[in-house]
Amino acid sequence: MGDEDTVTGFLLGGIGELNKNHHPNFLVVEKDTTINETEDTFRWFLNREDIGIILINQYIAERCSMRSMPTTLLEIPSKEHPNDAAKDPILRRARGMFMAHDLR
Amino acid sequence: MVARYLRAELDSLLLQLLRDLEELEAKRAALNARVEGWLSLSKARCAMGAKSVGPLQYASHMEPQLHVSGTQTPEDVGPHKAVLHRRKGLTRAPEPDRSPAPQDPLNWFRILAPHSLQQAQASFREGLQLAADMASLQIRIDWGRSQLQGLQEKLKFIKPAIIFPRVSLLIC
């Protein structure tokens with residue numbers, strides 16, 4: 001799930017699928033794509049058994065309520081928005097683990 | 001005795017977790033630095049036309065050339081054991097395969113794709129390998145985190161039992 005360039009690039013890489021029922025395994029998020037559309041597509045991908053990892057531009061994941069996400073979600077940079085480690089949910093959860101009294 | 005064993009296990013788990021986090025950070029930085037894919041796409045767009053490299057050219061039927069293997073347990077998963085596998089459809093396998101081999105996505109855009117588009121494909125394929133490694137690390141980190149929390153809970157439970165014998169000796 002990403003902007004046009006990110007999706008085109010990864011489809012070029014060979015992970016795109018458009019099956020006989022016209023169900024794609026990708027979503028190009030454009031300016032007029034609503035947050036609801038993005039979230040609905042994300043939930044649909046999550047429930048599909050043939051999808052193991054969901055790649056999503058970090059700036060798109062931020063906009064939607066998908067931050068409490070399963071491990072199968074990987075936030076990736078886009079052409080105009082590099083990844084910000086401070087916003088990465090995995091690293092934020094890990095930072096919260098290391099309290100001094102817990103390590104005694 | 002039990003507490004000592006648990007502490008040793010906790011230390012070992014913590015060290016592994018820190019190593020995994022460091023590796024994840026490094027891979028994330030590497031992925032962030034991979035701008036050449038987008039640059040190559042822009043060059044291809046310049047060469048072929050602004051609307052010639054985009055969703056309008058996507059094939060009406062696509063089959064993935066790579067798939068993710070989800071059979072490994074979190075302990076086995078590691079960045080060096082890539083979870084991304086290339087489908088055999090692209091190679092000339094001797095066994096009869098009724099389904100057509102997945103088409104190279106480069107052919108969607110033009111029969112003789114410009115070099116910049118091929119470079120973009122190569123760059124994004126490398127990015128996919130990085131993404132697969134990062135996903136494996138995320139799985140291991142999450143597993144390690146839950147194991148760590150479990151061990152910390154066990155230690156908290158054991159701690160009162162360790163203190164109690166000392167109190168009884170004082171009373172005597």
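How each quantity is defined
Residues numbered from 1 in each chain as written. Chains lettered and ligands numbered in written order. Predicted model: local features only at pLDDT ≥ 70, side-chain atom pairs only at ≥ 80, totals over all residues. Heavy atoms only, no water. UniProt positions renumbered as here; feature names shortened; annotations may be inferred. Helix = DSSP H or I, 4+ residues; strand = E, 2+ residues; numbered from the N terminus. Buried < 20%, exposed > 50% of the residue type's maximum accessible area, 1.4 Å probe, protein only. Contact = heavy atoms within 4.5 Å. Buried area = accessible area lost by both parts, 1.4 Å probe. Salt bridge = Lys/Arg side-chain N within 4 Å of Asp/Glu carboxyl O. Polar contact = N/O pair within 3.5 Å; in protein donor to acceptor, adjacent residues only side chain to side chain. Nonpolar A, V, L, I, M, F, W, Y, C, P; charged D, E, K, R; others polar.

As annotated in an unreviewed UniProt entry, chain B carries the name Vacuolar ATPase assembly protein VMA22 and is attributed to Monodon monoceros.

Identification of chain A as V-ATPase 14 kDa subunit from Monodon monoceros is taken from an unreviewed UniProt entry. What the UniProt record of chain A gives under Sequence similarities (unreviewed entry) is the line "Belongs to the V-ATPase F subunit family."

### Observations regarding the environment of Asp 88 of chain A
Position of Asp 88 of chain A among the secondary structure elements: in the loop between β2 (73-76) and α4 (89-97). Taking relative accessible area as the criterion, Asp 88 of chain A reaches 2% and is therefore assigned buried. Taking the C-alpha atoms as reference points, Asp 88 of chain A and Glu 62 of chain A, separated by 26 residues in sequence, lie 9.7 Å from one another. Beyond its immediate sequence surroundings of up to four residues, Asp 88 of chain A is in contact with Gln 58 and Glu 75 of chain A together with Arg 28 of chain B.

### What about the interface of chain A and chain B?
On the chain B side, the residues contacting the 42 residues of chain A number 50 residues. Buried surface at the junction of chain A and chain B, summed over both partners, amounts to about 4,000 Å²; 67% is from carbon and sulfur atoms. For the interface between chain A and chain B, the tally reads two salt bridges. Between Asp 5 of chain A and Arg 45 of chain B there is a salt bridge whose closest N-O contact spans 2.7 Å. Linking chain A with chain B are 11 residue pairs in polar contact (both at pLDDT 80 or more). Of all the secondary-structure elements, those providing two or more residues to the side of chain A that touches chain B are α1 (4-12), β2 and α4 of chain A. With nine residues, the single largest contributor to the side of chain A that touches chain B is α1 of chain A. Grouping the amino acids of the side of chain A that touches chain B by side-chain chemistry returns 22 nonpolar, 11 polar and nine charged.

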